Amino acid sequence: MKNIYLTIVLLALGIGTMAQTSVWDGKRELWTRGNGTEESPYLIESAQNLAFLSYMCACGFDTYDMYFKLTTDIDLNGSEDLPWQPIGGMMFTYIETGCSSKSQTADNAFQGHFDGDGHRIYNIYVDAYNSGLFGSVYTQNASIENVKIVNGYIQGGRTAGGIAGLCNGRIRNCMNGAEIHSDMYAGGIAGSISDSISECYNEGKVVGETAGGIAGNLSGIGPRTVINCYNIADIDASMASGGIVGIKTGKPTIKNCYNVGNISCDSIYAGGIIGLQNAQADTIVNSYYLNTCGAEGSGIPKNDDEMRDRAFVDLLNNETDVWCFDQNNVNHGYPILGFNDPNVAESQSETFGIYPNPAFTTLTVENGNASEISVFNALGQKIKQVTAHGEKTIIDVSDMPNGLYLIMLGGKSASVTQRFIVTH
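Within each chain, residues carry numbers counting from 1 in the order of the written sequence. Thresholds applied to this predicted model are a pLDDT of at least 70 for local features of residues and 80 or more for the giving and counting of side-chain atom pairs; totals over whole chains, interfaces and linings are not thresholded and use all residues. Computation of side-chain values: all heavy atoms of the structure, hydrogens and water removed.

## Topic: the overall build of the protein chain
Thinking step 1. If you tally the helices and strands in the protein chain, you get 5 helices and 41 strands.
Thinking step 2. When burial is assessed residue by residue, the protein chain has 55% of its 424 residues classed as buried.
Thinking step 3. Counting contacts in the protein chain only where the partners sit at least 6 residues apart, residues at least 24 apart contribute 72% of the total.
Thinking step 4. Where accessible areas are quoted, they stem from the Shrake-Rupley method and a 1.4 Å probe; at the residue level, only the protein chains shown are allowed to cover. Accessible area for the protein chain stands at about 17,800 Å²; split by element, carbon and sulfur atoms hold 50% of it. Working definition: helices are DSSP H or I runs of at least four residues, strands are E runs of at least two. Numbering for both runs from the N terminus. Exposure categories follow from relative accessible area, calculated using a 1.4 Å probe and restricted to protein chains: below 20% of the type maximum is buried, above 50% is exposed, and the middle band is partly exposed. The contact criterion used is simple: two residues touch if any of their non-hydrogen atoms lie within 4.5 Å.

Here is the structure:
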């Protein structure tokens, strides 16, 4: 009976049976499906396929405008004995293949398009010059999107980032949870970026000479942007430390971003959004930092309550719709991006909000045009049913034991269900 109950709870939490994960054994294997076009990308169906892409770049094979798509979660099984060779990195671990060793240039940088399709990459361990899942992404035509680095350790001699060390391309919809260290530029998403990062977030500690929650260095001669990004991790630097960017040159745009991570720096160059900026006009737009993060300036300070409020979500959206209220508490109540928690994104598109979550005595339901609201316990038993009133309905939960519950709205074209927790 206990096992049945546990299974129901796991399913209700969206955990259920874990998706199949491909574990790396240090070997590489050529993919067998796809032709490399946007319509039919090469399918990366195993850790060994991913390692072959790394090998392909290291040996100087051209990836320009090729498309790749990840189809499974990956466990890189990383350690000092089994380090990951960054895709587009210098060829240190592949000398035995017969390829001649050479310096990092455009010849072995990644120049294609990589779609992680929302899959997770676990246990990455990297120690390289330009270090990350990708080492060097050389051309502005290149792109990386929909990748989640869950945990691990990444060390860079020059640049280090969860997604890429050195990037002259676009990064979108990515997340990093690995710890990042670099002798020079360290960033949660990219060590150094000279194009754009959008809709990304960082949860891994970042340490470097220059360190930023999203990018260590934001520079270059073309348009450079960091838009709709956030950092919640500690940032520590010896020269320049910023919640979003460590150092910027020129006039890049940082827009609709926030930082709540702690900032520390051995020098005076520390900022809630940017650590060190040059004398040119600032281009920070609609970006905020927690007023207790340990640094000031280069953005607008807000207190903790303000940054957990629904009004802050509306403020960040600023003519977009990518930000969501953290009603499932996946980000400690701070705003999240829609891909963080698909349940939140879907419910917002249905105008279905619930708060506070966890609930103490009452739960407010933004019921849109629903006519009926039902509450179920973790065993699937209906314990309450009420008629929706107007745009919001308040449900008394004071008589409900602590635990997980499901709430279902009916009366639309289809029922919509969400989770909430009661705690007294």
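From this point, things continue past the structure.
## Considerations on the packing of aromatic side chains
Thinking step 1. Planes of paired rings set the category: under 30 degrees apart is stacked, over 60 is edge-to-face and the rest tilted, where pairs are Phe, Tyr or Trp rings (Trp by its six-membered ring) whose centres lie within 6.5 Å. This structure, assessed with the given rule, holds 17 aromatic pairs.
Thinking step 2. Look at Tyr258 and Phe312: their rings are 5.8 Å apart centre to centre, the planes differ by 65 degrees, and that puts the pair in the edge-to-face class. Here Tyr258, found in strand β26 (residues 258-259), pairs with Phe312, found in helix α4 (residues 310-317); they are 54 residues apart in sequence, far enough to count as distant. Here the two residues Tyr258 and Phe312 agree in accessibility, since each one is buried.
Thinking step 3. One aromatic cluster is present, built from ring pairs that chain together Trp31, Tyr42, Phe52, Tyr55, Phe68, Phe110, Phe114 and Phe134.
Thinking step 4. Over the ring of Tyr55 we find Arg28, and its NZ or CZ is 4.1 Å from the ring centre.
Thinking step 5. Over a ring means this: the NZ of a Lys or the CZ of an Arg is within 6 Å of the ring centre and within 35 degrees of the ring normal. The aromatic ring of Phe325 is capped on one face by Arg310, whose charged end is 4.1 Å from the ring centroid.

## Notes on the side chain of Asp195
Thinking step 1. Its place among the elements puts Asp195 in the loop between β16 (190-193) and β17 (196-198).
Thinking step 2. The charge count treats Lys and Arg as positive and Asp and Glu as negative. His and the chain ends do not count. Salt-bridge detection follows one rule: a side-chain nitrogen of Lys or Arg within 4 Å of a carboxyl oxygen of Asp or Glu. Buried within the structure, Asp195 lacks any salt-bridge partner; Arg170 is the closest side chain of opposite charge, at an N-O distance of 4.9 Å.
Thinking step 3. For Asp195, the contacting residues outside a window of four places in its chain are Gln140, Cys167, Asn168, Gly169, Arg170, Pro223, Arg224 and Thr225.

## A closer look at the pairing of strand β37 (residues 372-377)
Thinking step 1. Burial within β37 is extensive, with 5 of its 6 residues counted as buried.
Thinking step 2. As judged from the 5 bridges shared by β37 and strand β38 (residues 382-387), these two strands associate in the antiparallel manner. Its bridge partner lying in β38, Phe376 is registered against Lys382. By this definition, two strands are paired if DSSP reports at least two bridges between them.

## Regarding the state of the cysteines
Thinking step 1. A pair of cysteine sulfur atoms is labelled a disulfide when the two atoms are within 2.5 Å. Applying the stated rule across the entire model yields 0 disulfides.
Thinking step 2. Here Cys229 stays unpaired: no disulfide links it, and the sulfur of Cys257, its closest cysteine neighbor, is 4.9 Å away.

## Digging into the sheet that holds strand β39 (residues 392-396)
Thinking step 1. In spatial order, the strands read β35-β36-β39; together these 3 strands make up an open sheet with antiparallel pairing. Here the strands that pair on one side only, and so sit at the sheet edges, are β35 (353-355) and β39. Ignoring which end each strand starts from, the neighbouring axes of this sheet average 20 degrees apart.
Thinking step 2. Across 3 bridges, β35 lies against strand β36 (residues 362-366) in antiparallel orientation. If you follow Ile354 over to β36, its bridge partner there is Val365. Simply put, an axis is a line fit to the C-alpha atoms, just over the touching stretch for a helix, and the angle between two N-to-C directions goes from 0 to 180 degrees.

## Re helix α2 (residues 47-58)
Thinking step 1. Along its 12 residues, α2 runs 17 Å from first to last C-alpha, staying within 8% of the 16 Å computed at 1.5 Å per residue.
Thinking step 2. Within α2, 12 of the 12 residues are buried, leaving the element largely enclosed by the surrounding structure.
Thinking step 3. Turning to α2, its buried residues number three or more, namely Ala47, Gln48, Asn49, Leu50, Ala51, Phe52, Leu53, Ser54, Tyr55, Met56, Cys57 and Ala58.
Thinking step 4. Where α2 ends, the next residue or the one after it, Gly60, has phi of about 90 degrees, a positive value. By definition here, a helix of n residues has an expected span of 1.5 Å times n minus one.

## Quick look at the pairing of strand β24 (residues 245-248)
Thinking step 1. For strand β20 (residues 215-218) and β24, the ladder comprises 3 bridges, and the chain directions are parallel. Considered in β24, the bridge of Asn217 is made with Ile247.
Thinking step 2. Sheet topology note: the β24/strand β29 (residues 274-277) ladder contains 3 bridges and is parallel. Bridge assignment links Ile247 to a residue of β29, and that residue is Leu276.

## A few points about the sheet that holds β16
Hydrogen bonds along the backbone pair up the strands of a sheet, which may run parallel or antiparallel.
Thinking step 1. The strand order β8-β12-β16-β20-β24-β29 describes an open sheet built from 6 strands, whose pairing is parallel. Of all strands in the sheet, those with a lone pairing partner are β8 (134-137) and β29, marking the two edges. Across this sheet, the average inter-strand angle for adjacent strands is 10 degrees, counted without regard to direction.
Thinking step 2. The pairing of β8 with strand β12 (residues 164-167) spans 3 bridges and is classified as parallel. The residue bridging Val137 from the neighbouring strand is Cys167, located in β12.

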